[in-house]
Structures are given as C-alpha cells and as structure tokens.
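Breakdown of the fold
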Amino acid sequence: MDEQFDIQKYLSDGVEQVVKEALKATLKDPKESAFLAKFALASKKASAKREAEEKAGLHVPSYLISSITSSCNLHCAGCYSRANDATVDCEPVMQLSEEEWLRIFKEAEELGVSFILLAGGEPMLRYDVIEQAGRMQNILFPIFTNGTFMSAKYMELLDKCRNLVPVISIEGGREKTDSRRGEGVYDKIISVMDEFNSRGLIYGVSVTVTKENLSQVFSDDFLDLMRSRGCKAVFYIEFVPVTDEASDLAPDDDDRDFMMGRIAELRSSRQDMVYISFPGDEKSSGGCLAAGRGFFHINSHGGAEPCPFSPYSDINVRDTSLREALQSRLFTELRDGGILAGDHIGGCVLHAKKDQVEALLRQ
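The structure presented is a predicted model; accordingly, all values stated were derived computationally and were not measured.

**With respect to the overall build of the protein chain**
From N to C terminus, the protein chain includes 15 helices and nine strands. Counting all 363 residues of the protein chain, 56% fall into the buried class. Nonlocal contacts in the protein chain, meaning residues at least 24 apart in sequence, comprise 71% of its contacts between residues at least 6 apart. Within the structure as shown, the protein chain displays about 15,500 Å² of accessible surface, and the carbon and sulfur contribution to it stands at 50%.

Here's what the structure looks like:
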C-alpha cells in the first residue's frame, strides 16, 4: 500500500460516485432507481466490510473480474484472451461449474466486494452462471459481452435482475466495429441496444481504445449516438498489444493524458452517462491496480490471476478461498515488490513486465 496515496478510499469513493451518477441517469425509471438506491446502501455496507478487513491486515479490493467461460463465437482482431489461450474454439475443459461460481460470488460478498465484472470468452454462453449472479442483489455485475446472444430469455432475466448490467463491446462506428469484430456485428449490437432502450433496461458499452479510434470514440457524435439509444455507461479499455506487430496501436502517455482530461470533462458536462477508464490513471493511483491492489481476476478454470492481461497464477480458488487467493505468494510479491509501479508501453504494466512475473513464479 502506498503511504502517499490511500487506494482504499480512492476506490470506495469511486464506487459511491458511480452509483450516484447512475441514479441521476435513471430517475425516470422507477424500477431501476429503486434497485440503485438499494445498491447504494449495500455498497456502503461492503465498504465497511473492506475497512474492517483492512484493519485486520487483509486488503480487499472493490472489484473482481470473473472470466466465466473460455468459449466465444467471435474472432476479434487482436484479442488478448485468444492470444493468451484463455479463449479457445474447442469444448471447454475443467471450467468452473455453476455451483463453484456461486460459492465464489458469496465469498466475494462476505469480503466486501461491490462489483464483479463478468467476462470470457463470451459470458452470455453461461446462462447458468449469470442466473446465479442475478440472485446476488448486493453485488453489481457488469457483463462484458459482444452482444450477439441477447435472446428473449436473457431480456426477461435482465428485466428481473437489475444487478445484471450488460456492457456491449463496440469499436466506434460501423466500419471500425465490423473490421475488428466481423461483418454485420455493428448492426446486430445496435438493434440490441434499441431493444434494451425500449424495455427500459440499463446497459453500457465497452470501447477498446487504440490510436486508430481514439478521436472517434471520445467524440460528441459517438457519445450522442450512444446516449440517444439509452446507454448509461461507457467503459474505455486501453488496448494492450499482445504481439509486437500491434504495439503501434497502443495509446501512449500523451494519449492517456488526453483520455483522462476528456473523461474529466465528460463527467462534468455530460452527467447523464457514467464514464469509466481502465486501467485508468495509474500514475495518480501509485501504479497498477492489479493483483488485489484494486482488483484481481479469476479465470474460467479457477486460477487467481493478477489481471486478465497477466494470465499467471500460483493458486486456484477451486481448491481454496478468495481470502487465501488474495494472500497468495504471487499477489503479495507483486504488491510489495514494486513491479506494479513504473513506466510501461501499452495499457498494462504487468503485460509489459511479463518476464518479471514469470520469474516470480519460478522462484
């Protein structure tokens, strides 16, 4: 933990701010407002749990990322998950069961985790797990999806369980989205957004930010289009180059400065939507937030990893608990050894320092 920066307070305040802004954005929807008001109380209780754990010597982050499947129907250009073999085309082997994921969600709630981001692969391929998540009303589950599996069954579940918030991947306009995700995907996800909007369902979008789409996805035109279709949150995810050939696409320091300045401007001038940056301003937060410092990742097989972009693990929650995973040797040495700090190329410190992470595992 950095003496000069209170990361616990930073993240707790961030949770409360997201809820506050979301409440403003949904006042015209009584069902959504009722849920968010209840969640605001739950998030305060979760914060108190984290503070108690902190005093007892365990730092619990506000966020958990859960990749609930290794399957996906798309082959997006530059996908880090496929490059790391976390997403594959063969039938999943040894992925966690519905019951195991429910246990993990319950352990997270007991520790004070407020947000569990569901990812994959394509998480909508695991209806069983998402249905269980819907029952955990004290946790908000953003579901990062490509938006191509939104059946009527899912629409009914999302209407019933307002703690499930789909976050649809989009790269900007039709040309940029289809060039990365496949022909026809843009029109498909726009139709899904319109369906969400007509049903009064809260949803967000996720944008992988590269040098090629930076200006477009932060433009007023793009944000006006998202707002007109009922979008309530925009997640800006910095592109992480998984190959040397793709390194030129990664935002640099000047780009990040622009992004953070623009997000600050949007939060002030466009308060009808929520704007979230990942990994965000690492310099102001004292370094990377992975390895349990601000969040950590559970892969589809139960491995506890520092981050989806750093797929290394020395402990599996199938055999142990989230509490023990947060205290694993790998996580502890990453947090205490200074690896999470420092300059890097691309959107991820640990991806840039993968040789050092691998060396820790060999010790």
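**Here's the deal with the nonpolar core**
Membership of the largest hydrophobic core comes to 103 residues, with the highest contact counts inside it found for Y236 and I298. Once residues lying within four places of it in the same chain are set aside, the contact partners of Y236 are V207, V209, V217, F218, L223, I263, L266, Y275, I276, S277 and F278.

**Thoughts on the pairing of strand β2 (residues 115-119)**
By the criterion of burial, β2 is predominantly enclosed, with five of the five residues buried. Inspection of the sheet shows strand β1 (residues 63-67) paired to β2 by five bridges, in the parallel sense. In the sheet register, S67 faces β2, and the bridge partner there is A119.

**Brief notes about the side chain of S300**
Assignment of secondary structure puts S300 in the loop between β8 (295-298) and β9 (304-305). Overall, S300 belongs to the buried group, its relative accessible area being 4%. Separated by 3.3 Å, the side chains of S300 and H301 make a polar contact. Contact partners of S300, with chain neighbours within four places excluded, come to S67, I68, T69, S70, M94, Q95, L96 and W101.

**Some points on the pattern of salt bridges**
Going through the model one piece at a time under the given rule, you end up with 21 salt bridges. Because the salt bridges share partners, they merge into one network encompassing D220, D224, R227, R262, E265, R270 and D272.

**Topic: the packing of aromatic side chains**
Taken as a whole, this structure holds 11 aromatic pairs when the rule is applied. Aromatic side chains F105 and F141 sit 5.1 Å apart centroid to centroid with 65° between the ring planes, which places their arrangement in the edge-to-face category. One end of the pair, F105, is in helix α4 (residues 98-111); the other, F141, is in strand β3 (residues 141-145), with 36 residues separating them in the sequence. Take F105: its relative accessible area is 0%, and that puts it in the buried class. Among the aromatic residues, ring-to-ring pairing joins F35, F39, Y63 and F115 into one connected group.

**Observations regarding unusual backbone geometry**
Looking along the chain, the bond that leaves G120 and enters G121 is cis, with omega of 10°. Of note, G121 is situated in the loop between β2 and α5 (127-134). Within the chain, A291 stands out as a residue other than glycine whose phi angle is a positive 60°. Take A291: it is sitting in the loop between β7 (274-278) and β8.

**Structural notes on the packing of helix α2 (residues 30-55) against α4**
Orientation of α2 relative to α4, taken along the N-to-C sense of each, is 75°, at an axis distance of 7 Å. Our classification of the angle between α2 and α4 gives roughly perpendicular. For the pair α2 and α4, contact is made by K49, R50 and E53 and by E109, E110 and L111, respectively. Of the residues assigned to the contact of α2 with α4, the class counts are one nonpolar, no polar and five charged.

**Some thoughts on the confidence of the model for the protein chain**
When pLDDT is averaged across the protein chain, the result is 87; 87% of the residues are at 70 or more. Ranking the helices and strands of the protein chain by mean pLDDT puts α4 first, with 98, and helix α1 (residues 7-25) last, with 62. Counted against residues more than four places away or in other chains, residues 1-5, with its pLDDT under 50, gives 10 contacts.

**With respect to the packing of α4 against α5**
Where α4 meets α5, the closest approach of the two axes is 9 Å, and the angle between their N-to-C directions is 30°. With respect to each other, α4 and α5 are oriented roughly parallel. With respect to the hand of their crossing, α4 and α5 are arranged in right-handed fashion. Contact residues: E98, W101, L102 and F105 in α4; D128, V129, Q132 and A133 in α5. Residues belonging to the contact of α4 with α5 are distributed by class as follows: five nonpolar, one polar and two charged.

**Digging into the environment of A133**
Examined against the element boundaries, A133 turns out to sit in helix α5. As for A133 and E98, which are separated by 35 residues in sequence, their C-alpha atoms are 9.8 Å apart. Residues within four places of A133 in sequence aside, it is in contact with F105, L118, F141, N163 and L164.

**Re helix α11 (residues 253-269)**
With 17 residues, α11 should reach 24 Å at 1.5 Å per residue; the first-to-last C-alpha distance of 24 Å fits that figure. Considered for burial, the residues of α11 that qualify are D255, R256, M259, R262, I263 and L266. One face of α11 carries all of its buried residues, which in axial projection span an arc of 130°. Exposed residues pointing more than 90 degrees away from the buried face of α11 are listed as D254, D257, S268 and S269.

**Section: the side chain of N146**
Assignment of secondary structure puts N146 in the loop between β3 and α6 (152-160). Polar contacts involving the side chain of N146 include one to the side chain of N73, which spans 2.9 Å. Contact partners of N146, with chain neighbours within four places excluded, come to C72, N73, L74, E122, I168, R181 and I189.

Thresholds, definitions, all that
Residues numbered from 1 in each chain as written. Predicted model: local features only at pLDDT ≥ 70, side-chain atom pairs only at ≥ 80, totals over all residues. Heavy atoms only, no water. Helix = DSSP H or I, 4+ residues; strand = E, 2+ residues; numbered from the N terminus. Buried < 20%, exposed > 50% of the residue type's maximum accessible area, 1.4 Å probe, protein only. Contact = heavy atoms within 4.5 Å. Areas by Shrake-Rupley, 256 points an atom, 1.4 Å probe, with all protein chains shown as cover. Core = buried A, V, L, I, M, F, W, Y, C linked by side-chain atoms within 4.5 Å. Pairing = 2+ DSSP bridges. Polar contact = N/O pair within 3.5 Å; in protein donor to acceptor, adjacent residues only side chain to side chain. Salt bridge = Lys/Arg side-chain N within 4 Å of Asp/Glu carboxyl O. Phe/Tyr/Trp six-rings, centres within 6.5 Å; stacked < 30°, edge-to-face > 60°. Axes fitted to C-alpha atoms, helices over the stretch in contact; angles between N-to-C directions. Parallel < 35°, antiparallel > 145°, perpendicular 65-115°, else oblique. Nonpolar A, V, L, I, M, F, W, Y, C, P; charged D, E, K, R; others polar. pLDDT = per-residue confidence, 0-100. Left-handed = near helix turned anticlockwise from the far one by under 90°. Expected span 1.5 Å × (residues − 1). Arc of directions from axis to C-beta.

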